[in-house]
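Each chain, written out:
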Amino acid sequence: AVAEKLGPLGHKLHTGRSRNELVVTEFRMYVKDAAAQMRAAVAALIRALVAQSERHLGLPMPGHTHLQRAQPILYSHFLMAHAEAYFHDLDRLAAAAYTSDACPMGSGALAGCAFPIDREAIARDLGFARLTRNSLDAVSRRAFALDDLYALAVLATHLSRMAEDFVLFASQEFGFIVLPDEFSTGSSIMPQKKNPDAWELIRGKAGRITSALFALFTTLKGLPTSYQRDLQEDKEPLFAAHEQSLAMVQVAAATIKATRPNEARLREAASDAALLATEAADYLVRQGIPFRDAHEIVGQVVKETERQGKPWTELPMETLWKFCAYFRDDLKASLTVEAALAARAVPGGTAPDSVRAAIADAKKRLAAVEEKT
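Residues numbered from 1 in each chain as written. Predicted model: local features only at pLDDT ≥ 70, side-chain atom pairs only at ≥ 80, totals over all residues. Heavy atoms only, no water.

With that settled, consider the pairing of strand S1 (residues 60–65). Side chains on a regular strand alternate between the two faces of the sheet. Bridge count between S1 and strand S2 (residues 68–74): six bridges; the pairing is antiparallel. The residue of S2 that forms the bridge with Thr65 is Gln68. (Pairing = 2+ DSSP bridges. Helix = DSSP H or I, 4+ residues; strand = E, 2+ residues; numbered from the N terminus.)

Take a look at the structure:
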């Protein structure tokens, strides 16, 4: 079209340019823009989690290890754990944007340009921060695309883990959250069902993103140096992974905003006496008993109450003294959900003040991210 308008002058546009450098330049520009778009979407997801954390600050829930009830935590602490993972995803996306932010123009097909072009000026005009340093490397390396796909794969993994949490929490066995109608569907034959479709689809799509990363790994692993036609396979998996990941993040953010916790159920579950066993061991530590010994003593107490079929926190002091003489009347003050939460007042802990500080810090970090994007 240019040649039709300009005649022979239009044909000179190809002078000193190779398709190899043009394609990889445009690919790098795409990755830069895609990473920025994804960072904005992830920041919005984090903001949704932070808003829910702030709204429900003070609401307790049972924390789990091995899917077994472990210790009381705040529901906000659980949400902020996911937010923290996404902050690290922002760092990986920023790293992918950085590695792609080098201009290959002037590399030619593989050996460089034979004409005295100003590579620095071209890079500035195209919005790149710097130049590629080796023409042969520039036309053949796709590590910047791997960096982006790796960031997307980790992000998808974090989304899938969060989705699994909410799928479990929405079940009748947990009953920790109420699914939003707009992100759920009913069963085709069971009228009582409300299925966590949004979370299940996010969890299911995570495999696509990981497979895209390994597809590009597989394409690149056996290529000799310089441009090969195999490299045209680099774009389809990355384009699809970006599109799918962006949709996953956006749906996750909208679902988080619409989800509400079942406060009564969470408080009831957090009041399970078994969750306070560590508090009793910590109490004995404060009386001077080594933790390993305290752990064993409380374990014996719990086994005895299991045998009796009643909560161990209801045992009279006379019974506790049979296991350890260091138990005192002030033990009862330590055996509450509120006391257990307040005791974890270290930075990053689940104490209300610690979580409140984490929320404030997250807002500052988000403001810095959003200012850059």
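That shown, we press on.
In this section: unusual backbone geometry. The phi dihedral of His66 falls on the positive side, at around 55°, and the residue is not glycine. You can see His66 is positioned in the loop between S1 and S2. On the accessibility criterion, His66 (76% relative accessible area) is exposed. Even without a glycine there, the phi angle at Leu67 is positive, about 60°. Along the polypeptide, Leu67 turns up in the loop between S1 and S2. (Buried < 20%, exposed > 50% of the residue type's maximum accessible area, 1.4 Å probe, protein only.)

This part covers the packing of aromatic side chains. One pass over the structure, following the stated rule, counts 13 aromatic pairs. Seen in terms of ring centroids, Phe174 and Phe176 are 5.3 Å apart; in terms of plane orientation they differ by 90°. Their pairing is edge-to-face. Ring geometry for Phe214 versus Phe217: centroids 5.9 Å apart, planes at 50°, classification tilted. With Phe214 and Phe217 both in helix H8 (residues 197–220), this residue pair falls three residues apart, about one helical turn. The structure contains a cluster of three or more aromatic residues connected by ring pairs, namely Tyr75, Phe78, Phe166, Phe169, Phe174, Phe176 and Trp199. Directly above the aromatic system of Tyr98 lies the positively charged group of Arg130, at a separation of 4.0 Å from the ring centroid. In this structure, Lys235 is placed above the aromatic ring of Phe27, and the distance from its NZ or CZ to the ring centre is 5.1 Å. (Phe/Tyr/Trp six-rings, centres within 6.5 Å; stacked < 30°, edge-to-face > 60°. Lys NZ or Arg CZ within 6 Å of the ring centre and 35° of its normal.)

This next bit is on the nonpolar core. Counting residues in each nonpolar core, the largest one holds 70 residues, and the members touching the most others are Leu45, Leu159, Met162 and Trp199. With 15 residues, the single largest contributor to this core is helix H7 (residues 143–170). In this structure, Met162 is in contact with Leu45, Leu49, His82, Tyr86, Trp199, Ala252 and Ile256, ignoring residues within four places of it in sequence. Judged by nonpolar contacts, the second largest core, of 21 residues, contains Leu284, Val298, Leu320 and Phe327. (Core = buried A, V, L, I, M, F, W, Y, C linked by side-chain atoms within 4.5 Å. Contact = heavy atoms within 4.5 Å.)

So, about the packing of helix H3 (residues 19–55) against helix H4 (residues 75–100). Running from N to C, H3 and H4 cross one another at 165°; their axes reach a closest spacing of 9 Å. When the axis of H3 is compared with that of H4, the two are roughly antiparallel. Pair H3 / H4 crosses with left-handed handedness. Here the contact of H3 with H4 is built from residues that sort into 19 nonpolar, six polar and four charged. (Axes fitted to C-alpha atoms, helices over the stretch in contact; angles between N-to-C directions. Parallel < 35°, antiparallel > 145°, perpendicular 65-115°, else oblique. Left-handed = near helix turned anticlockwise from the far one by under 90°. Nonpolar A, V, L, I, M, F, W, Y, C, P; charged D, E, K, R; others polar.)

Along the polypeptide, Phe291 turns up in helix H12 (residues 291–308). Judged by its relative accessible area of 40%, Phe291 is partly exposed. Along the chain, Phe291 and Phe217 lie 74 residues apart, while their C-alpha atoms are 48 Å from each other. What Phe291 contacts, discounting residues up to four positions off in sequence, is Ala281, Asp282 and Val285.

All told, the structure shown has 17 salt bridges when counted by the stated rule. For Asp137, the salt bridge is made with Arg141, and the minimal N-O distance between the two is 2.7 Å. We classify Asp137 as partly exposed; its relative accessible area is 26%. Using a relative accessible area of 35% as the deciding quantity, one classes Arg141 as partly exposed. Sharing partners across several salt bridges, the network here consists of Glu84, Asp361 and Arg365. (Salt bridge = Lys/Arg side-chain N within 4 Å of Asp/Glu carboxyl O.)

This part covers the side chain of Glu21. Turning to its location among the elements, Glu21 is positioned in helix H3. The side chain of Glu21 sits in the buried core without any salt bridge; Arg17 is the nearest counter-charge, 6.5 Å away. When near neighbours in sequence (up to four residues on either side) are disregarded, Glu21 contacts Gly16, Pro104, Met105, Gly106, Ser107, Gly108 and Val139. (Lys, Arg positive; Asp, Glu negative; His and termini not counted.)

So, on to a nonpolar patch on the surface. Taken together, the side chains of Val2, Leu6, Leu9 and Leu13 make up a nonpolar region of the molecular surface, amounting to roughly 360 Å² of accessible area. Mapped onto the elements, Leu13 comes out in the loop between helix H2 (8–11) and H3. (Patch = residues over 30% accessible without salt bridge, like charges linked within 9 Å, V, L, I, M, F, W, Y side chains within 5 Å. Areas by Shrake-Rupley, 256 points an atom, 1.4 Å probe, with all protein chains shown as cover.)

Here we come to H12. Spanning 18 residues, H12 covers 26 Å between terminal C-alpha atoms, matching the ideal 26 Å at 1.5 Å per step. Every buried residue of H12 is listed here: Ala294, Ile297, Val298, Val301, Glu304 and Thr305. Taken end-on, H12 shows its buried residues confined to a sector of 115°, consistent with a single buried face. Seen from the buried face of H12, the exposed residues on the opposite side, beyond 90 degrees, are Arg292, His295, Lys303, Glu306 and Arg307. (Expected span 1.5 Å × (residues − 1). Arc of directions from axis to C-beta.)

Note that every value here comes from positions in space, so none of it alone points to a role or purpose.
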